[in-house]
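Observations on the three-dimensional arrangement
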Amino acid sequence: MKNYLILISVIFWSFTGFAQTHFTSAHEGTNAEAYTTVWVFSAKIGPVNLQAGDEIAIFDGNICVGTKTLTGEITTQTSIKAAKADAGTSNGYSAGHTISIKIWDSSASKEYVATVAFRPTSPVTSYVDNESAFVDLTVIVPLTINLTAQNKEYDGTDAATLGYTVTGGTINGNVVVTTSNGKFNSKIVGTGKAVIGDITVTGSDAASYSFTLVKSTTANVTAKSITVISAAAQNKIYDGTTVAQITGANLSGVIGSDVVTLNNKATGTFAQTNIGT
């Protein structure tokens, strides 16, 4: 019974006491020589507010000097203490250095460098002992929009029907992607034919992203099926052959002014040489 109690205690301790975090502060404990308190009033990845489980880390160069894991969206402000380096060490910030901030998106398991905007009322904009900095954080999300094109049956034109895919993340908010002016490199049938087109991005949240636009792709043009119509075999007197005379044969489905010739349209073949009706 004692062994079971120990096991239960260990499981409870592991699930409740030590949630894993992405960032780790270089300074251990709460007895730093001094602190700069960074007050974060808003934080967004693209147009989306940071959520519970996301992390904000304060840096001096490559040294992480303070962290916070959010329990929900920042509705007013949240504070993060950045620790000053102990004498003779590099476990914290150095006074006068630049405040930089990184963000961990827990849902996407992705780290970003935030753009730090100091509020006009911010007491300081760099590390100052026992002072505060007021900031808003944004992440301009880099995404790639790739042109796509549908395969098509030959239609006598080089027009292509376009679409797109997004790589590097997901577009959120008020962003509209439009494709237009799709063209194959020629109208003729082929596989893996080059296609070009235009991509435009609009919307009030478009500035929250840095878009790379790939405006070329490939697709196939397959042959169009056409049909022989109005062909009629003429009756004949037995002549010992299977040769049949055909009249009226024409092609249906030819595109526009394309020239397609039906060869041997006046000659056909009976199934046998015998007399029959």
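Check the entry above for the structure.
Described in the following lines is the structure provided in the data block. Here the structure is a predicted model, which means the values were calculated and not measured.

What follows is about the overall build of the protein. Counting its regular elements, the protein contains one helix and 21 strands. Its C-alpha atoms give the protein a radius of gyration of 36 Å, clearly above 19 Å, the size a compact globule of 277 residues would have. Taken over the C-alpha atoms alone, the protein extends approximately 115 × 65 × 35 Å along its principal axes. Within the span of the protein, comprising 277 residues, buried residues form 29% of the whole. Long-range contacts, defined as pairs at least 24 residues apart, comprise 62% of the intrachain contacts of the protein with a sequence gap of at least 6.

A few words on the pairing of strand β3 (residues 55-60). Of all six residues that make up β3, six are buried, and the element is covered over most of its length. Neither face of β3 is exposed, since E55, A57 and F59 on one face and I56, I58 and D60 on the opposite face are all buried. Pairing of β3 with strand β4 (residues 63-69) involves six bridges; the strand directions are antiparallel. Opposite I56, over in β4, you have K68 as the bridge partner. Pairing analysis gives five bridges linking β3 to strand β6 (residues 100-105), with the strands arranged antiparallel. Across the sheet, I58 pairs through a bridge with I101, a residue of β6.

Core analysis: the largest hydrophobic core is formed by 29 residues, its most contacted members being V40, I56, I58, I101 and L137. Elements with a contribution of two residues or more to this core: β1 (35-45), β3, β5 (78-83), β6, β9 (131-139) and β10 (141-149). Dropping the residues within four chain positions of it, V40 is found in contact with I56, I74, T76, Q77, T78, I80, V135 and L137.

Let us now look at unusual backbone geometry. Its identity as a non-glycine residue notwithstanding, S109 has a phi of 50 degrees, on the positive side. By the secondary structure assignment, S109 is in the loop between β6 and β7 (110-113). S109 sits in the exposed class, given a relative accessible area of 52%. Backbone geometry at N130 places phi at a positive 55 degrees, although glycine is not the residue there. Note that N130 resides in the loop between β8 (115-118) and β9. Given the relative accessible area of 61%, N130 is considered exposed.

Time to look at the pattern of salt bridges. Pairing between side chains becomes possible if they bear opposite charge and their charged atoms approach one another. All chains considered together, the criterion is met by eight salt bridges. Salt-bridge contacts for D129 lead to K84; the nearest nitrogen and oxygen are separated by 2.8 Å. Placement of D129 in the loop between β8 and β9 and of K84 in the loop between β5 and β6 is noted, with a sequence separation of 45 residues between them. Residue D129 is classed as partly exposed on the basis of its relative accessible area, which comes to 29%. Accessibility expressed as a relative area gives 15% for K84, which makes it buried. Notably, a salt bridge pairs K102 with E111, separated by 3.7 Å at the nearest N-O pair. Take E111: its relative accessible area is 36%, and that puts it in the partly exposed class. Taken together, the shared-partner salt bridges in this structure form one network comprising E33, K84 and D129.

So, on to the packing of aromatic side chains. Note on aromatic pairs: each is described by the distance of the centres and the angle between the planes. Tallied over the full model, the rule gives four aromatic pairs. Both rings, one in F23 and one in F59, keep their centres 6.0 Å apart while their planes meet at 75 degrees; by these two values the pair is edge-to-face. Separated by 36 residues along the polypeptide, F23 in the loop between α1 (2-16) and β1 and F59 in strand β3 bring together distant segments of the chain. Just as F23 is buried, F59 falls in that class too. A ring pair is formed by Y93 and Y127, whose centres lie 4.6 Å apart and whose planes are at 5 degrees; its orientation type is stacked. Remark: Y127 occurs in the loop between β8 and β9 and Y93 occurs in the loop between β5 and β6; sequence separation between them is 34 residues. In this structure Y127 comes out as buried when scored by relative accessible area, which is 1%.

About the thresholds
- Residues numbered from 1 in each chain as written.
- Predicted model: local features only at pLDDT ≥ 70, side-chain atom pairs only at ≥ 80, totals over all residues.
- Heavy atoms only, no water.
- Helix = DSSP H or I, 4+ residues; strand = E, 2+ residues; numbered from the N terminus.
- Rg over C-alpha atoms; globule rule 2.2 N^0.38 Å.
- Buried < 20%, exposed > 50% of the residue type's maximum accessible area, 1.4 Å probe, protein only.
- Contact = heavy atoms within 4.5 Å.
- Pairing = 2+ DSSP bridges.
- Core = buried A, V, L, I, M, F, W, Y, C linked by side-chain atoms within 4.5 Å.
- Salt bridge = Lys/Arg side-chain N within 4 Å of Asp/Glu carboxyl O.
- Phe/Tyr/Trp six-rings, centres within 6.5 Å; stacked < 30°, edge-to-face > 60°.

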